[in-house]
Amino acid sequence: MGLGLNRAGGVISAPHLVWGGSVGSWPPVASPVAAAVPLCSMSPSRGCCFPSCDPRLGQGRALGPASPRGVARAAGDCGGTAAGAGPWGAASYPWGSLRIFVNRSLALEKIKCFGFDMDYTLAMYKSPDYEELAFALLLQHLVSIGYPPEILAYKYDPTFPTRGLVFDALYGNLLKVDSHGNLLVCAHGFRFLRGAEILHYYPNKFIQRDDMKRFHILNTLFNLTEAHLYACLVDFFTNCPRYINCDTGYKHGNLFMSFRSMFQDVREAMDHVHLLGCLKEKTLENLEKYVVKDPRVPLLLSRMKEVGKVFLATNSDYSYTDAIMSYLFDSTDGDKATGKLRIGTYTGPLQHCAVYSGGSSDVVCDLLGVKGKEILYMGDHIFGDILKSKKRQGWRTFLVVPELARELQVWTEKSELFEELRSLDLFLAELYQHLDSGSSERPDISSIKRRIQKVTHEMDMCYGKMGSLFRCGSRQTLFASQLMRYADLYAASFVNFLYYPFSYLFRAPPVLMAHESTVEHSRGDAGEAGAALAPWLAWHGHPSPQVRAAPQDSSGEEEDDDGEA
């Protein structure tokens with residue numbers, strides 16, 4: 001960001017506001033709501049095991065510190081609920097939703113600072129109420145700039161959009177792609193394209209994601225309303241008899257509106273609604289309706305303050321942030337006098353509960369007196385919160401994925417579909433098992449392919465109209481690949497840290513390549529391979545292969561406490 005850090009707040013154009021202190025700013029250590037948290041069976045000590053929160057295991061049953069396959073088991077009695085969980089999961093927090101999942105190993109005891117984004121992280125908005133409000137405001141703004149008033153009849157449908165979609169500003173399509181740009185799903189308005197229709201727009205069923213002027217990734221939770229709005233507008237103009245459909249837009253008399261201009265209008269409406277304050281004003285008028293007040297949040301932050309520093313970094317203006325934080329914690333001990341705008345660059349030491357504006361990740365590290373890897377930053381936006389902080393300073397990262405509750409529910413309840421898809425893949429492989437380059441036989445796999453497509457579609461519909469956030473059948477989405485690449489940890493909520501000791505070691509599973517995950521690891525295979533290679537090795541003057549244990553690492557390099565060299 002490259003800006004100086006000011007002790008200033010209020011309505012500013014600087015990219016971040018930072019609340020910080022030697023032990024953080026929010027909440028107060030003795031928050032009045034902390035005592036009301038229903039965590040009656042939570043052990044006060046920070047040992048390795050807590051009573052289980054899984055109702056299937058019964059209260060008080062101890063669990064080990066971690067489960068296999070990189071999934072750290074949450075422990076503790078989850079007790080109460082948070083209102084307004086919405087379509088992302090049941091309000092009672094199912095067992096899987098309390099876990100923290102691990103992409104890269106992290107020793108929690110090495111973290112000295114806990115950083116938070118505000119929107120959809122500390123402040124979780126109630127879905128779909130909040131999205132319905134934003135969607136209605138977006139429609140009103142578009143009508144005010146000349147769009148047909150008939151579009152006001154559209155209502156937000158939480159079952160349609162998902163994060164990670166790509167909007168094609170040339171043809172007006174919403175795309176779901178994998179990490180390489182291969183098309184998984186293509187929709188024009190609310191009509192899903194198939195076969196020849198997709199080939200008409202994308203002859204190779206592939207997009208060049210680097211073309212940022214044409215393809216726009218909708219990765220944030222705020223983008224859900226935007227994605228649904230694109231579908232509504234395309235649906236309206238496509239079906240309205242007053243307009244003539246063209247490949248790249250619509251004609252009405254002598255007027256032509258391209259999908260690119262539609263995209264620009266929607267983006268301008270998003271800026272107007274979110275940045276100029278009308279959405280924030282409506283939110284503040286009815287906080288109980290739009291903002292989740294989770295009594296576990298003050299308790300967790302007070303515990304974090306006992307072991308490190310806590311700060312909030314957000315691009316929301318000071319007055320809105322102060323109102324939201326005051327609601328979540330009933331009171332604040334932030335110094336509101338420092339929220340006034342000032343000029344110049346602050347060069348003094350870190351002051352407890354002060355408000356800062358501008359700055360950069362470099363300045364934040366210097367002000368807090370820590371190295372990049374000693375900060376664990378939590379947010380919901382892969383590019384804004386996670387990627388930039390990791391690339392610039394090496395901050396450890398935690399991605400909030402509230403949709404994970406629903407994803408886990410489908411993953412467990414519809415396990416038979418996943419098993420059937422896996423069985424079909426194995427059966428397909430067996431058909432070719434005894435064939436080689438000299439075989440003239442061609443197995444008929446058409447029925448298997450149709451069954452795979454049917455099962456994949458059935459799986460996708462369990463999640464919503466656009467399918468899973470993370471996969472399409474056995475193929476991972478772009479969002480899933482970005483999550484695995486950039487987020488060290490991820491979970492449905494950062495509140496899941498409440499159920500882990502601060503001495504916890506999050507251990508990532510080994511990442512296997514295709515040749516490692518599909519070939520059995522046994523001495524018999526190694527011996528057979530060695531015998532087969534013996535003549536070739538002898539011909540080239542190499543000794544016969546011996547099956548032996550792998551040599552010990554003699555480099556002298558020791559592993560870090562988090563298990564990584």
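In the block above lies the structure referred to throughout.
Chemist: What's the story with the packing of aromatic side chains in this structure? I'm lost.
Modeler: Ring pairs (aromatic) are described by centroid distance and by the angle formed between their planes. Scanning all chains against the criterion turns up 34 aromatic pairs. Arranged with centres 5.5 Å apart and planes meeting at 25 degrees, the rings of F101 and Y490 form a pair that is stacked. On the criterion of sequence distance, the pair formed by F101 in strand β4 (residues 100–102) and Y490 in strand β21 (residues 489–491) is long-range, its members being 389 residues apart. For F101, a relative accessible area of 10% gives the class buried. Of the residues examined, Y490 reaches a relative accessible area of 17% and is grouped as buried. A ring pair is formed by F398 and F497, whose centres lie 5.0 Å apart and whose planes are at 45 degrees; its orientation type is tilted. Residue F398 is found in strand β18 (residues 396–400), and its partner F497 is found in the loop between β21 and β22 (505–506); the two are separated by 99 residues along the sequence. In this structure F398 comes out as buried when scored by relative accessible area, which is 0%. Grouped by ring-pair contacts, the aromatic residues Y147, F236, F237, Y243, Y250 and F259 constitute a single cluster.

Chemist: Sorry if this is basic, but what is going on with the sheet that holds strand β10 (residues 191–192) here?
Modeler: Strands in a sheet are paired, the pairing made by backbone hydrogen bonds, and the direction either parallel or antiparallel. Strand order in the open sheet made by the five strands is β10-β9-β8-β7-β11, with antiparallel pairing throughout. Strands at the two margins of the open sheet, each flanked by one partner only, are β10 and β11 (215–218). In terms of strand pairing, strand β7 (residues 165–168) meets β11 through four bridges, oriented antiparallel. Each residue of the ladder has a partner; that of V166, found in β11, is I217. Along the sheet, helix α3 (residues 223–239) makes contact with β7, β8 (174–177), β9 (183–188) and β11, crossing β11 at roughly 130 degrees.

Chemist: Any chance you could explain the pattern of salt bridges here in plain terms?
Modeler: Two side chains of opposite charge can pair, provided their charged atoms sit close to one another. Within this structure, the stated rule accounts for 15 salt bridges. Note that D157 is salt-bridged to K465, the shortest N-O span being 2.8 Å. Of this pair, D157 sits in the loop between α1 (129–144) and β7 while K465 is found in the loop between α13 (446–463) and β19 (471–472), placing the two residues 308 residues apart along the sequence. Residue classification places K465 among the partly exposed residues on the basis of a relative accessible area of 39%. Between D294 and R296 there is a salt bridge, with the nearest N and O atoms lying 2.8 Å from each other. The burial state of D294 is the same as that of R296; both residues are buried. One continuous salt-bridge network, built from bridges that share partners, spans R104, R396 and D488.

What counts and what doesn't
Residues numbered from 1 in each chain as written. Predicted model: local features only at pLDDT ≥ 70, side-chain atom pairs only at ≥ 80, totals over all residues. Heavy atoms only, no water. Phe/Tyr/Trp six-rings, centres within 6.5 Å; stacked < 30°, edge-to-face > 60°. Helix = DSSP H or I, 4+ residues; strand = E, 2+ residues; numbered from the N terminus. Buried < 20%, exposed > 50% of the residue type's maximum accessible area, 1.4 Å probe, protein only. Pairing = 2+ DSSP bridges. Contact = heavy atoms within 4.5 Å. Axes fitted to C-alpha atoms, helices over the stretch in contact; angles between N-to-C directions. Salt bridge = Lys/Arg side-chain N within 4 Å of Asp/Glu carboxyl O.

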